[in-house]
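Analysis of the macromolecular model
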Amino acid sequence: MKSAVLVFPGINRERDMARALRLVSGREPAMVWHAETSLPEGTDLVVAPGGFSYGDYLRCGAIAARSPVMNAVRAFASDGGLVLGVCNGFQILCESELLPGILMRNARLKFICHDVHVRVERSDTPFTRGYNAGQVIRVPVAHGEGNYAADEDTIRRLEGEGRVLYRYCSPSGEVGDTHNINGAAQSIAGIINERGNVLGMMPHPENHVEDIMGCTDGRGLFAGLVAHLGRAA
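Residues numbered from 1 in each chain as written. Predicted model: local features only at pLDDT ≥ 70, side-chain atom pairs only at ≥ 80, totals over all residues. Heavy atoms only, no water.

1. Thoughts on the sheet that holds strand 11 (residues 198–201)
Definition in use: One bridge is not enough; two strands pair if DSSP finds at least two bridges between them. Secondary structure counts use DSSP, requiring at least four H or I residues in a row for a helix and at least two E residues in a row for a strand, with both numbered from the N terminus. Fitting a line to C-alpha atoms yields each axis, with helices limited to the stretch in contact; the angle taken between N-to-C directions then spans 0 to 180 degrees. Whether two residues are in contact is decided by their heavy atoms: any pair within 4.5 Å suffices.
Spatially, 9 strands are ordered 2-1-3-4-11-10-9-6-7 in an open sheet, and the strand pairing comes out mixed. This sheet does not close on itself; its edge strands, each paired only once, are strand 2 (30–33) and strand 7 (136–143). Across the sheet, the mean angle separating the axes of adjacent strands is 25 degrees when strand polarity is ignored. Two elements, strand 1 (residues 3–7) and strand 2, share 4 bridges in a ladder whose sense is parallel. Looking at the pairing, Val 7 lines up with Trp 33 of strand 2. The strands touched by helix 2 (residues 69–78) are strand 1, strand 2, strand 3 (45–48), strand 4 (82–86) and strand 11; relative to strand 4, the strand with the most contacts, the crossing angle is about 130 degrees.

Next comes the structure, spelled out in structure tokens:
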């Protein structure tokens, strides 16, 4: 799997993401500066990592979405290329209109930084084939604006088309207000686009891929991508 990690001013999780990709795929990803106008030849996966791009000025991800490299990312996604946005990356993808909706301030107006449980809703996508449908995984979050919001028609379409891939839940998989950490509509933690090749999610799977962290639940996402691309080849 040949991956490319986007680097914007203020991003701070690019090295975490690069390490996870290297550990799982066995290949060092390319680091692509925001001012570039093209992606490395042969790229299979583009990742927009977490952090605080451009200091979160205006809106989280709003300035990064207008960086030169994002035109190449939009073209890549339009051609069917796989795109993953994590935390600030999710916000960037929404601001880029690669995904619907927006990420608002957390319901309690506090920054959240701890492990959470999310339920995998489907296992038949490139981003979830490393898991079983209904499986509960534990991954960290670190955000102040992770409250996913969209109009009623969009939420209805996301649910009806099976585009919600990850949902906040209890350790046993129960979904409800008690376990919705940030107030997100329908406890949404991650969604895909209509074509199924773009995923945005707030939790950080890249931080749970090594035994030393005490949990490797995030590894399945990356292993699934490697398996998917290997099969496609």
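From this point, the discussion proceeds with the structure in view.
2. Quick look at the UniProt feature "active site" (unreviewed entry) in the chain
Convention followed: UniProt positions are given in the numbering used here, feature names are shortened, and annotations may be inferred rather than shown by experiment. Here's how the labels work: a residue is buried when its accessible area is under 20% of the maximum for its type, exposed when over 50%, partly exposed in between, all with a 1.4 Å probe on protein chains only.
UniProt annotation of "active site" (unreviewed entry) refers to Cys 87, His 204 and Glu 206 when read in the numbering used here. Spatial clustering of the annotated residues is evident: they stretch over 120 residues in sequence, but the largest pairwise C-alpha distance comes to 11.2 Å. Along the chain, Cys 87 falls in the loop between strand 4 and helix 3 (88–95). Cys 87 gets classed as buried once you look at its relative accessible area, which sits at 5%. In this structure, Cys 87 is in contact with Gly 50, Ala 142, His 143, Met 201, Met 202 and His 204, ignoring residues within four places of it in sequence. Checked against the element boundaries, Glu 206 lands in the loop between strand 11 and helix 5 (219–232).

3. Some remarks on the side chain of Asn 182
Tracing the chain through its elements places Asn 182 in the loop between strand 9 (164–169) and strand 10 (188–192). Not counting chain neighbours up to four residues away, the residues in contact with Asn 182 comprise Asn 106, Ala 107, Ile 112, His 143, Gly 146, Asn 147 and Tyr 168.

4. Things to note about the pattern of salt bridges
Convention followed: Whenever a carboxyl oxygen of Asp or Glu lies within 4 Å of a side-chain nitrogen of Lys or Arg, that contact is scored as a salt bridge.
Enumeration according to the criterion identifies 12 salt bridges in this entry. One salt bridge in this structure joins Arg 13 and Glu 206, with 3.9 Å as the shortest N-O distance. In this pair, Arg 13 sits in the loop between strand 1 and helix 1 (14–25) while Glu 206 sits in the loop between strand 11 and helix 5, placing the two residues 193 residues apart along the sequence. Across the pair Arg 138 and Asp 115 runs a salt bridge, and its minimum N-O distance is 2.6 Å. Here Arg 138 is found in strand 7, whereas its partner Asp 115 is found in strand 6 (residues 112–120), with 23 residues between them in sequence. You can call Arg 138 partly exposed: its relative accessible area is 28%. The class for Asp 115 is partly exposed, based on a relative accessible area of 34%. Linked through salt bridges whose partners overlap, the residues forming this network are Arg 119, Glu 121, Glu 159 and Arg 167.

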